[in-house]
Amino acid sequence: MPDAVRMSCVDNIVRIEVPEADFWIRLEKVTDEVTRLRFHVTFREDKPAGGTWWSSREIEVPAGPGSASVGQVLATEIRHSRSTFTHAVSEAPPLAFTA
């Protein structure tokens, strides 16, 4: 992640902070050939009084926890999540407040 603010990997937890979100991913060994990725993400809208959204999902990868395949899926999922969030925020109609 070229624009990551902070990244860490401790035991089976990967944390990646980017300007608009915090990703917390738990890698779980299901079998020697399957790894489950549990994503927990907090997105923040970059506007005064912007909103905050939370997302969770699981993906099973047919590879061991330390494999390049798991790393590729992790990176692809983060890019996809960020892109989806950015698109959703840009397409959302502005909020109207009435008194």
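Everything in this summary refers to the structure shown in the same document. (Residues numbered from 1 in each chain as written. Predicted model: local features only at pLDDT ≥ 70, side-chain atom pairs only at ≥ 80, totals over all residues. Heavy atoms only, no water.)

### As for the overall build of the protein chain
Right, so step 1: On a plain count of helices and strands, the protein chain comes out with 1 helix and 5 strands.
Right, so step 2: Listing each helix as α and each strand as β along the protein chain from the N terminus yields β-β-β-β-β-α.
Right, so step 3: Counting only residues that meet the buried cut, the protein chain has 28% of its 99 residues in that class.
Right, so step 4: Taking contacts inside the protein chain between residues at least 6 apart in sequence as the whole, the part at least 24 apart equals 36%.
Right, so step 5: When the accessible surface of the protein chain is summed, it comes to about 6,800 Å², and 55% of that surface belongs to carbon and sulfur atoms. (Helix = DSSP H or I, 4+ residues; strand = E, 2+ residues; numbered from the N terminus. Buried < 20%, exposed > 50% of the residue type's maximum accessible area, 1.4 Å probe, protein only. Contact = heavy atoms within 4.5 Å. Areas by Shrake-Rupley, 256 points an atom, 1.4 Å probe, with all protein chains shown as cover.)

### Remarks on the pairing of strand β4 (residues 34–44)
Right, so step 1: Where strand β3 (residues 21–31) lies against β4, 10 bridges are found, and the strand directions are antiparallel. Of the residues in β4, the one forming a bridge with Trp24 is His40.
Right, so step 2: The turn linking β3 back onto β4 is made up of 2 residues.
Right, so step 3: Bridge analysis of β4 against strand β5 (residues 52–61) gives 10 bridges, and the strand direction is antiparallel. Bridge pairing in β5 places Arg36 opposite Glu60. (Pairing = 2+ DSSP bridges.)

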